[in-house]
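The residues making up each chain are set out below.
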Amino acid sequence: MVNKHTLKNHPISAKVLVVEGKRVEHESFIDGLRKKGFTVISATNGTNALEKINEAVPDVVVIDAPSLRTNGKRICQAMRKAVSKQAIILVVDGNQPVPQQIETNEILTLPFTAQKLANRIRTLLPESGRNIVSAGPIKLYLDHNLVRCLNKRTVLTPRLVIILSLLIEHRGEVIDRKVLYKKAWETEYTGDTRSLDVHISWLRRAIESDPRNPRFVKTIRGVGYRLDA
């Protein structure tokens, strides 16, 4: 048991949100990326993109500024507020000045091929990061607050990331409820740990095939939780 003294092949296609206007003078990125095997969600403007982000939860956002008749700065700022962890690629026209202090991971200047865009996207995917912890089929990408398990991909809240990372670190061991609560909520108060149970149920939805009969996150009645992976 871990206490407060000891606690310290079916591939999933990457999901890309492409913000592309209706008047595209170059070959559409949407069709090109789909041919490369990506799952593509399209939006025709910034407002439409913001509406789709919460339901889509993309791995990468591609903003085609020339097709939107903009330099892309304002839409990049809006996207960054909506997706704090995911990568953003801005496509710009080579004949126009690149906006300064723009909130993006990559800036690509037209013209370029769909293959080049696909290669850049792959380098920005969570799998390309080094800060990864895993247990069995569970992979937690700490830089992206993302967990992959059993062909599911879920973006977690920071508190769920703490809980899962502790369970992974001490897999096979029972972690006391109060210890988990103190670590995840950063408090010494443990008078009511019911909110921990709610978060555990959310975590099970993210990684279990049947959350009501969990295979991984086990409840040890009267004590705490254990990760079996």
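Scroll up for the structure.
Residues numbered from 1 in each chain as written. Predicted model: local features only at pLDDT ≥ 70, side-chain atom pairs only at ≥ 80, totals over all residues. Heavy atoms only, no water.

Chemist: Outline the side chain of aspartate 64, listing residues and values.
Modeler: Residue placement: aspartate 64 occurs in strand S3 (residues 60-64). No salt bridge is formed by the buried aspartate 64, whose closest oppositely charged neighbour, arginine 69, lies at an N-O distance of 7.5 Å. In contact with aspartate 64, not counting residues within four places along its chain, are Val19, Glu20, Val24, His26, Phe29 and Val91. (Helix = DSSP H or I, 4+ residues; strand = E, 2+ residues; numbered from the N terminus. Buried < 20%, exposed > 50% of the residue type's maximum accessible area, 1.4 Å probe, protein only. Lys, Arg positive; Asp, Glu negative; His and termini not counted. Salt bridge = Lys/Arg side-chain N within 4 Å of Asp/Glu carboxyl O. Contact = heavy atoms within 4.5 Å.)

Chemist: Please give an account of the pairing of strand S2 (residues 39-43) that cites residues and values.
Modeler: Where strand S1 (residues 15-19) meets S2, 5 bridges bridge the pair, whose relative direction is parallel. Each residue of the ladder has a partner; that of valine 16, found in S2, is valine 40. Once you follow S1 into helix H1 (residues 29-35) and on to S2, the crossover reads as right-handed. (Pairing = 2+ DSSP bridges. Right-handed = clockwise from strand over helix to strand, strands pointing away.)

Chemist: Break down the pairing of strand S4 (residues 87-93) for me, with residues and values.
Modeler: A large share of S4 lies buried, amounting to 6 of its 7 residues. When S3 meets S4, the two strands line up parallel, connected through 5 bridges. Residue pairing in the sheet places isoleucine 63 in a bridge with leucine 90 of S4. For the crossover that starts at S3, traverses helix H3 (residues 73-82) and ends in the parallel S4, the hand is right-handed. Where S4 lies against strand S5 (residues 106-110), 5 bridges are found, and the strand directions are parallel. The partner of valine 92 across the bridge, within S5, is threonine 109.

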